[in-house]
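Summary of the model geometry
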Amino acid sequence: VVSRDIVHLLAARLHSLSPSIHGDDPSFGMHLRQLVMNDGHFLQIDDRGAMTRFAMTPTCRTEGIYCPVKNTTWAVHHVDGEMLRCMFATDVEQKYYQLDSREGTWVANE
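So, here's what we can say about the structure. (Residues numbered from 1 in each chain as written. Predicted model: local features only at pLDDT ≥ 70, side-chain atom pairs only at ≥ 80, totals over all residues. Heavy atoms only, no water.)

**Description of the overall build of the protein chain**
Inclusion rule: What counts as a helix is a DSSP run of H or I of at least four residues, what counts as a strand is a run of E of at least two, and both are numbered from the N terminus. Residue contacts are defined here by distance: any two heavy atoms, one from each residue, within 4.5 Å place the two residues in contact. All accessible-area figures derive from a Shrake-Rupley calculation using a 1.4 Å probe, and residue coverage is judged against the displayed protein chains alone.
Of the regular secondary structure elements, the protein chain holds four helices and four strands. When the helices and strands of the protein chain are read in sequence order from the N terminus, they spell out α-α-α-β-β-α-β-β. A sequence separation of at least 24 residues applies to 18% of the contacts in the protein chain between residues at least 6 apart. Put simply, the protein chain shows about 8800 Å² of open surface, and 55% of that area lies on carbon and sulfur atoms.

**Looking at the environment of Pro-58**
Applicable threshold: Exposure classes here rest on a 1.4 Å probe applied to the protein chains alone. A residue is buried below 20% of its type maximum, exposed above 50%, and partly exposed in between.
With respect to the helices and strands, Pro-58 occurs in the loop between β1 (54-55) and β2 (75-76). Classification of Pro-58 as partly exposed rests on a relative accessible area of 31%. Along the chain, Pro-58 and Val-76 lie 18 residues apart, while their C-alpha atoms are 6.3 Å from each other. With sequence-adjacent residues up to four places away left out, Pro-58 is seen in contact with Val-76, His-77, His-78, Val-79 and Met-83.

**Observations regarding the packing of aromatic side chains**
Applied cut-off: Pairing of aromatic side chains requires ring centres within 6.5 Å, counting the rings of Phe and Tyr and the six-membered ring of Trp. Pairs whose planes differ by under 30 degrees are stacked, by over 60 edge-to-face, and all others tilted.
Counting across every chain of the model gives two aromatic pairs. A centroid spacing of 5.5 Å and a plane angle of 85° characterise the contact between Phe-88 and Trp-106, whose relative ring orientation is edge-to-face. Taken as a pair, Phe-88 in helix α4 (residues 81-93) and Trp-106 in strand β4 (residues 105-108) lie far apart in primary sequence, 18 residues in all. The partly exposed category is assigned to Phe-88, whose relative accessible area is 30%. The rings of Phe-88, Tyr-97 and Trp-106 are connected pair by pair, giving a single aromatic cluster.

In structure tokens:
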């Protein structure tokens, strides 16, 4: 998760950022480094409490999984369709959503 101002900085510098880094995570880190080292921007990365809000392994299993999805998760790394369906099913099971029978759509419970 990154703030909008950083996204704008990266977008504005897109033409001059190094295209030679492969993989989205290393590339993102390199682009942030370029903002600091080449452009003189100050970035403070706060990961305190990240393990309670971030899931590194997109799976609904919890046993033997490094940093699985939890009830406190806000962001999940590299989520595919199967994981989204699993997360939504868990939300429905926990009664975060209910089916509106008139509309045939899911609505969030207040």
